[in-house]
Amino acid sequence: MTDQLQDVRRLENEFADAMNRMYAVGNGLARMRAALEVQTATSPDTWSAHAPAAAPTAPRPSHAPAAAAPAPDSRVAPVTPVPPVPAAAPVPSWWQREGAVTRVLALAGAVVTLIGVALLLALAMQQGWFVPELRVALGVLLAVGLVAAAHVVRGRESRLGRSSAAPVAIAATGYAAGYLDVVAVTTVYGWVPRVAGLAIAAVVAVSGLLLARRWDRQLLAVVTVLGASLLAPVVTEGFGDDVSLFVVVLSAAALLVRGDRGWPMLAIARTLPATSLILAGIAVDAGDSAPSRLAIVAAGALTLLAVVGAVSAARHDRTDLVGSAIVAVSTIALLTAFGVHGQTLRTTGFALVAVAFAVALAVSSRGPVGPVPTPLATTFGAISGLSALLAVTSGAPERWVVSGILVTALGYAAAAVTTRSRVTLWVAAGTTVVASVAYLTHPAAYVDLWSARDHDAATALLDSALAGGVAALGAWGVDVVRGIPARIRRLTRVAALIAGLATSAVAVISVGLLLGEALGATSAGFLAGHALATVMWMVTSAWLLLHGLRAESRRALSLRLGLGLAAVSVAKLFLFDLATLDGLWRVVAFIVTGLLLLASGTAYARALERTRLPEATA
């Protein structure tokens, strides 16, 4: 009986093993069929919309006992057939897309019509066609007719449930033509005063842009602004103050209606052409002995509009970069408008721009106006710093140019410490780089005695004090401003220390030269200054080494700086002082430096031993 039971169990195990193999074969066939059906489904010739049948499984024998029927092997996962993937529809060409041809034709028609209107107005004035009153009347009728036709086409499309670019282009052409008609009446015929003409032009522009806002079509606003701006010089047959003022009024109307929120192309359309036309007008008047100051008014107004629009757009969209670009571009026209005038107005204008953008940065960095995104704040700060440097270089006497640049850098560094603004800190860093390059004229002049004699030692001494202040405030600003990486903080401290050593050396040599000139021994003062500078560096090296032992957190940095400065001092002693100094000053430099090295080594060894004793007894 026991043998029969073992035979039954053996047969059951063999049957279960056979069933597992049948399930594995069935699952493999299901995978292959699913893959083949996917391949055939993606082929256009063999497409079938029917879903595949369920995966086959091996049949269970009817004579097998229920308890002996094993489950499928868990290592073989059942495969669900993948339904066929429809073939991707071919991407239509651009002319086959809905409304594409209509938009292209409408835009091309608007551009061609506007150019034709501008050329007709100019040619009619040149050839004397019709009387001026009839020309103006025909222009008004054309503008009104186009706007009315746009409303008719728009209403018909709305009743049919359609929307195209045709009424937008027609309306834009009409409003631009009307604006050009006002320009001709004001600047060419002189029938209305300039102020009244600008007011009428503003009404026409605002009405057209309000319609663009009502229809929610940026294209209408862009075509209206671009058409009227770019074709205004064609009507007036040149550039100048009138064209500049009219394009600024057009830019103001666009800002008033929309505020640059969500329509970046309108912001570009109302700023870039206006900036180009103002610059063209300035270039035309550049040869005059007294350039027009209306260009300053136009450029200033355009810059103010760009700033307001950029802040408005930044509050609506934190990722906006168009505002920063239009502010930078419009400022070019403003700085150029000031730059073509005399020294007094030029320097005053640059200084006012620097102050204005510094105020804009301060106001927009906090509520209720801000905070604005970092790119826009950086643009404000960069323009302020650049304008301040331009004011210094254009207005300061040649002797005090470097001093003025250093004062500018010192001011921005102090502002960074006070406001703890990261953007102001970067502006201070930029002006510091420029100031550092300008300051290099002083140490370069102290390389040899001949150039040092001709150099202004008093200015070098003053600039050295200012440069040291810039280095100290810069390091302080990096420490107090949040978000600065620790690595940058350490590098800034090292750079400030190096700058302090360099400026102190220049100051010591300057004092030596001044004393030498006063005593009639300029050469001796120059040599004494260099010798004292080397000794001063060595004293600083010794202080760093001893200070590093007392400050556990800064031990490694102080040790490296101290040893590095000692190496620099010795290198200066052998490479420069040995060749430049002579007589007693060479002896003094070598003896004092050597004694300081010995004293530093001895003091460092004693201090190191004192620091190790508490550690050993602990």
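Residues numbered from 1 in each chain as written. Predicted model: local features only at pLDDT ≥ 70, side-chain atom pairs only at ≥ 80, totals over all residues. Heavy atoms only, no water.

### Some points on the packing of aromatic side chains
Argument step 1. Applying the stated rule across the entire model yields 2 aromatic pairs.
Argument step 2. Look at Y179 and F246: their rings are 6.2 Å apart centre to centre, the planes differ by 90 degrees, and that puts the pair in the edge-to-face class. Pair noted here: Y179 is in helix α4 (residues 166-188) and F246 is in helix α7 (residues 241-258), with a separation of 67 residues, a long-range link.
Argument step 3. Using a relative accessible area of 2% as the deciding quantity, one classes Y179 as buried.
Argument step 4. Between F357 and F380, the aromatic rings sit 6.0 Å apart at their centres with planes inclined by 50 degrees, giving tilted as the arrangement. Note that F357 is positioned in helix α11 (residues 343-364) and F380 in helix α12 (residues 374-395), a separation of 23 residues in sequence.
Argument step 5. F357 sits in the buried class, given a relative accessible area of 5%. (Phe/Tyr/Trp six-rings, centres within 6.5 Å; stacked < 30°, edge-to-face > 60°. Helix = DSSP H or I, 4+ residues; strand = E, 2+ residues; numbered from the N terminus. Buried < 20%, exposed > 50% of the residue type's maximum accessible area, 1.4 Å probe, protein only.)

### Here's the deal with the confidence of the model for the protein
Argument step 1. Averaged over every residue, the pLDDT of the protein is 77; residues scoring 70 or more account for 73%.
Argument step 2. Per-residue pLDDT stays below 50 along residues 44-77; that stretch engages in 43 contacts with residues further than four places along the chain or on separate chains. (pLDDT = per-residue confidence, 0-100. Contact = heavy atoms within 4.5 Å.)

### Quick word on the pattern of salt bridges
Argument step 1. In this structure the tally under the stated criterion is 3 salt bridges.
Argument step 2. Put simply, R399 and D456 hold a salt bridge, and the shortest N to O gap is 2.5 Å. Here the residue R399 occupies a position in the loop between α12 and α13 (401-419), and D456 occupies one in the loop between α16 (449-454) and α17 (457-480), the gap between them amounting to 57 residues.
Argument step 3. On the basis of relative accessible area, D456 is assigned to the partly exposed category, the value being 27%.
Argument step 4. R493 serves as the salt-bridge partner of D479, at 3.2 Å between the closest nitrogen and oxygen. Of this pair, D479 sits in helix α17 while R493 sits in helix α18 (residues 486-519), and the two are 14 residues apart along the sequence.
Argument step 5. By relative accessible area, D479 is classed as partly exposed at 35%.
Argument step 6. Judged by its relative accessible area of 33%, R493 is partly exposed. (Salt bridge = Lys/Arg side-chain N within 4 Å of Asp/Glu carboxyl O.)

### A look at the packing of helix α5 (residues 194-215) against α7
Argument step 1. At a closest axis distance of 8 Å, the pairing of α5 and α7 adopts a crossing angle of 35 degrees. At the point where α5 passes α7, the crossing takes the right-handed sense. For the pair formed by α5 and α7, the contact residues are R194, G197, L198, A201, A202, A205, V206, L209, L210 and R213 on the first element and D242, L245, F246, V249, L250, A253, A254, L256, V257 and R258 on the second.
Argument step 2. The residue makeup of the contact of α5 with α7, split by class, is 15 nonpolar, 1 polar and 4 charged. (Axes fitted to C-alpha atoms, helices over the stretch in contact; angles between N-to-C directions. Left-handed = near helix turned anticlockwise from the far one by under 90°. Nonpolar A, V, L, I, M, F, W, Y, C, P; charged D, E, K, R; others polar.)

### Some details on the environment of T441
Argument step 1. Tracing the chain through its elements places T441 in helix α15 (residues 441-445).
Argument step 2. Since its relative accessible area comes to 42%, T441 is described here as partly exposed.
Argument step 3. The spacing of T441 and A460 is 19 residues in sequence and 9.0 Å in space, taken between C-alpha atoms.
Argument step 4. Setting aside anything within four residues of it in sequence, one finds T441 in contact with V402 and H455.
Argument step 5. Of the polar contacts made by the side chain of T441, one reaches the backbone oxygen of A438; its length is 3.1 Å. (Polar contact = N/O pair within 3.5 Å; in protein donor to acceptor, adjacent residues only side chain to side chain.)

### Examining the nonpolar core
Argument step 1. Core analysis: the largest hydrophobic core is formed by 79 residues, its most contacted members being Y179, L220, I278, V327, L376 and F380.
Argument step 2. For V327, the residues in contact, after removing those within four places along its chain, are A306, V307, A310, F357, L376, T379, F380 and I383.
Argument step 3. Judged by nonpolar contacts, the second largest core, of 23 residues, contains I405, L406, A438 and V470. (Core = buried A, V, L, I, M, F, W, Y, C linked by side-chain atoms within 4.5 Å.)

### Description of the side chain of R489
Argument step 1. Position of R489 among the secondary structure elements: in helix α18.
Argument step 2. D479 provides the closest opposite charge to the buried, unpaired R489, separated from it by 4.2 Å.
Argument step 3. In this structure R489 touches V478, D479, V480, V481, R482, G483 and I484, once residues within four positions along its chain are discounted. (Lys, Arg positive; Asp, Glu negative; His and termini not counted.)

### Some thoughts on unusual backbone geometry
Argument step 1. For D216, which is not a glycine, the phi torsion comes out positive at approximately 55 degrees.
Argument step 2. A positive phi angle, close to 55 degrees, is found at R420, a residue other than glycine.

### Some remarks on the environment of L219
Argument step 1. Note that L219 resides in helix α6 (residues 218-236).
Argument step 2. Along the sequence, L219 and W263 sit 44 residues apart, while their C-alpha atoms lie 9.6 Å from each other.

### A look at the packing of helix α9 (residues 294-316) against helix α10 (residues 322-339)
Argument step 1. At a minimum axis separation of 8 Å, α9 and α10 run at an interaxial angle of 165 degrees. Relative to α10, the element α9 lies roughly antiparallel. You can see that α9 and α10 cross each other, and the crossing is left-handed. Here α9 contributes A295, I296, A299, G300, L302, T303, A306, V307 and A310 to the contact with α10, which in turn contributes G323, I326, V327, S330, T331, A333, L334, A337 and F338.
Argument step 2. Its residues assigned to classes, the contact of α9 with α10 comprises 13 nonpolar, 5 polar and no charged. (Parallel < 35°, antiparallel > 145°, perpendicular 65-115°, else oblique.)

### Side note on α13
Argument step 1. Between the first and last C-alpha of α13 there are 27 Å, a value that for 19 residues agrees with the 27 Å anticipated at 1.5 Å per step.
Argument step 2. Taken together, the buried positions of α13 are V402, S403, G404, I405, L406, T408, A409, Y412, A413, A416 and V417.
Argument step 3. Where α13 is buried, its residues meet α12, α14 (422-439), α15 and α17. (Expected span 1.5 Å × (residues − 1).)

### Overview of α10
Argument step 1. Helix length check: α10 (18 residues) gives 26 Å between terminal C-alpha atoms against 26 Å at 1.5 Å per residue, within 8%.
Argument step 2. Restricting attention to buried positions, one finds in α10 the residues G323, S324, I326, V327, S330, T331, A333, L334, L335, A337 and F338.
Argument step 3. Buried residues along α10 sit against α8 (264-284), α9, α11 and α12.

### Considerations on the side chain of S330
Argument step 1. Among the secondary structure elements, S330 is positioned in helix α10.
Argument step 2. Residue class for S330 comes out buried when judged on its relative accessible area of 0%.
Argument step 3. One polar contact links the side chain of S330 to the main-chain carbonyl oxygen of V327, over a distance of 3.0 Å.
Argument step 4. The residues touching S330, leaving out its near neighbours within four places in the chain, are T271, T275, L302, T303 and A306.

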